[in-house]
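If you want the building blocks of each chain, they are given just below.
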Amino acid sequence: MPKDSVTITDNSTGKTIEIPIRRGTHGPAVMDVSGLYKNLGIFTYDPGFLSTASCESDITFIDGGKGVLLYRGYPIEQLAEHSSFLEVCYLLWYGALPTKDQFEKFRWIISHHTMVHEGLREFYSGFRRDAHPMAVMVGVVGALSAFYHDSLDIRDERSREISAHRLIAKMPTIAAWAYRYSRGEPLPYPRNNLGYAENFLHMMFSYPSEDYTIKPVTAKALDLIFLLHADHEQNASTSTVRLAGSSQANPFACVSAGVGTLWGPAHGGANEAVIKMLEQIEDVKNIDKYVAKAKDHNDPFRLMGFGHRVYKNYDPRAKIIRKACLEVLEELKVDDPLFEIAMRLEEIALKDEYFIEKKLYPNVDFYSGIIQRALRIPTSMFTVIFTIGRTIGWISQWGEMITEKVQRIGRPRQLYIGEAKRDYVPMDQR
Ligand code: CMC
């Protein structure tokens, strides 16, 4: 009997099979159940994929118990302190940290892909002004595939690389325009002499009629937010991108599917939901009432920005962004009653038995909502900013998936619990 295996017996038939165990670099081993159906005629059932590894990957690793997050093996704390979002993009896409020359070339390429086709610009006028910017993102990102036909050959390495460059470079332009359009303002062209975060701020807030000065603290904080959101292994939106890609859809279509998934309040939409929740709480004196609501199973209210599927001790990104958040609040001298509510809520929830027992710690979205508000980013743009950061993760995971030796369309199975086979009844006999 092989040492690294699990024996499974179907007690109804007495049939026994060996399931091989596979071990990665870090993290729990996996049972390779790919032969289970063939050998035992049984599927596995795992709603929400609580126990299922959907792929092999060498991009990102999370240890939720220990609060570890590694991009290509590098701890997030070290990258947050010493690196930049663009360097992390290089790392995630190419698999290694760049040399100085490689990085300069990469930076030049990204800054020279920031413009979008003029025809795409006209798309914006078709949206209602009050459309949520994420709705615009889903549409415009998907539409990229209608404009960049020359990089749609998913079997060609250079095509894939150009698509990745385009997505990283154009996402801030598309995102900032979604905001400017909602305000009836001009859609500013990118400025290639600016850094990645600075250029985004320029497109978000500058006016052709006056000079716009970017505060270094604001650009630095935004770059950190992008970096912390760059990848998070097989989360809902990334799994969506992989699943879409498994059908051999083009990368722009796959990433737009990821944008749609990220929008949900249980995923990337949580940072926006945090601010809405703080506004709903309204006053420090109401916190106890809302904490009680969050604990009541008959009440759908949840403390937004608390809890995580994977991190059960703390979210390492939250620890980093919390520190940055306090620095930004201090440096920008922001006076906002919502911050008082947020800090008090954090304090109460961290001491409350319910939250301690269920390991519900503040996650990255709790602080990213607060820091973005301090940076005067409009609430409706919070998830859009997450989208800009996560684009590199999506495209890197897509690139990994599309170059796997064995290409199979993602096709989960199900446990059918509907009606047994029955005969059609003509309408006049029902
Ligand atoms: N407030 C109150 N109770 C909660 C919360 C919360 N925020 N989160 C989980 N619980 C309770 C939940 O009711 C359940 O209780 P019980 O075991 O008694 O039924 C228990 O904790 C486990 O919850 P779960 O929903 O089974 O956990 P999950 O791993 O499926 O969900 C989550 C994780 C993040 C969706 C969830 O914690 C949540 O809805 N949090 C609020 C939304 C949020 O902040 N999302 C951002 C996640 S981080 C960014 C990202 O990676 O996308």
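For the structure, check the block above.
These remarks concern the structure in this document.

Thresholds, definitions, all that
Residues numbered from 1 in each chain as written. Predicted model: local features only at pLDDT ≥ 70, side-chain atom pairs only at ≥ 80, totals over all residues. Heavy atoms only, no water. Helix = DSSP H or I, 4+ residues; strand = E, 2+ residues; numbered from the N terminus. Buried < 20%, exposed > 50% of the residue type's maximum accessible area, 1.4 Å probe, protein only. Contact = heavy atoms within 4.5 Å. Areas by Shrake-Rupley, 256 points an atom, 1.4 Å probe, with all protein chains shown as cover. Lys, Arg positive; Asp, Glu negative; His and termini not counted. Charge placed at Lys NZ, Arg CZ, Asp CG, Glu CD. Pairing = 2+ DSSP bridges. Near = heavy atom within 4 Å. Nonpolar A, V, L, I, M, F, W, Y, C, P; charged D, E, K, R; others polar. 1 Å grid on protein atoms, 1.4 Å probe; cavity = no way out; pocket = protein on both sides within 12 Å on 5 of 7 lines; lining within 4 Å. Points joined across faces, edges and corners; volume = space filled by probe spheres on them. Salt bridge = Lys/Arg side-chain N within 4 Å of Asp/Glu carboxyl O.

## A closer look at the overall build of the protein
Helices and strands together make up the secondary structure of the protein, namely 18 helices and six strands. Across its three principal directions, the C-alpha atoms of the protein cover 80 × 65 × 60 Å. Looking at the protein as a whole, 48% of its 430 residues are labelled buried. Of all intrachain contacts in the protein linking residues separated by at least 6 positions in sequence, the fraction that spans at least 24 positions is 70%. Only carbon and sulfur atoms are counted for the fraction: they give 52% of the accessible area of the protein, which is about 22,600 Å². Averaging the locations of the 51 positively and 53 negatively charged side chains of the protein gives two centres separated by 3 Å.

## What about the sheet that holds strand β1 (residues 5-10)?
With respect to topology, three strands assemble into an open sheet ordered β1-β2-β3, the strand pairing being antiparallel. The two strands at the open ends of the sheet, each matched to only one other strand, are β1 and β3 (30-31). Pairing geometry for β1 and strand β2 (residues 15-22), over six bridges, is antiparallel. The partner of Thr 9 across the bridge, within β2, is Thr 16.

## Description of the site of the ligand
Residues in close proximity to the ligand total 20 residues, the closest being His 267, Arg 302, Leu 303, Gly 305 and Lys 358. Here the ligand has 940 Å² of accessible area as a free molecule, and 76% of this is covered by the chains. A class-by-class count of the residues in the shell around the ligand yields nine nonpolar, six polar and five charged.

## As for the layout of surface pockets
Where empty space is left can be seen by rolling a probe of water-molecule size over the atoms. Estimates place the volume of the second largest pocket at around 540 Å³. Taken together, 19 residues line the second largest pocket, and the ones lying closest to its centre are Ala 80, Glu 81, Lys 220, Leu 224 and Glu 327. Of all the elements in the fold, those that place two or more residues in the lining of the second largest pocket are α2 (76-82), α9 (216-228) and α14 (316-331). Counting residues per element, the lining of the second largest pocket draws most heavily on α14, at seven residues.

## Topic: the pattern of salt bridges
Counted under the stated rule, the structure contains 23 salt bridges. Among the salt bridges present, the one from Asp 4 reaches Arg 23, with a minimum N-O distance of 3.1 Å. Here Asp 4, found in the segment before β1, pairs with Arg 23, found in the loop between β2 and β3; they are 19 residues apart in sequence, far enough to count as distant. The exposure class assigned to Asp 4 is partly exposed, which follows from its relative accessible area of 34%. With a shortest N-O distance of 3.0 Å, Arg 107 and Glu 104 are connected by a salt bridge.

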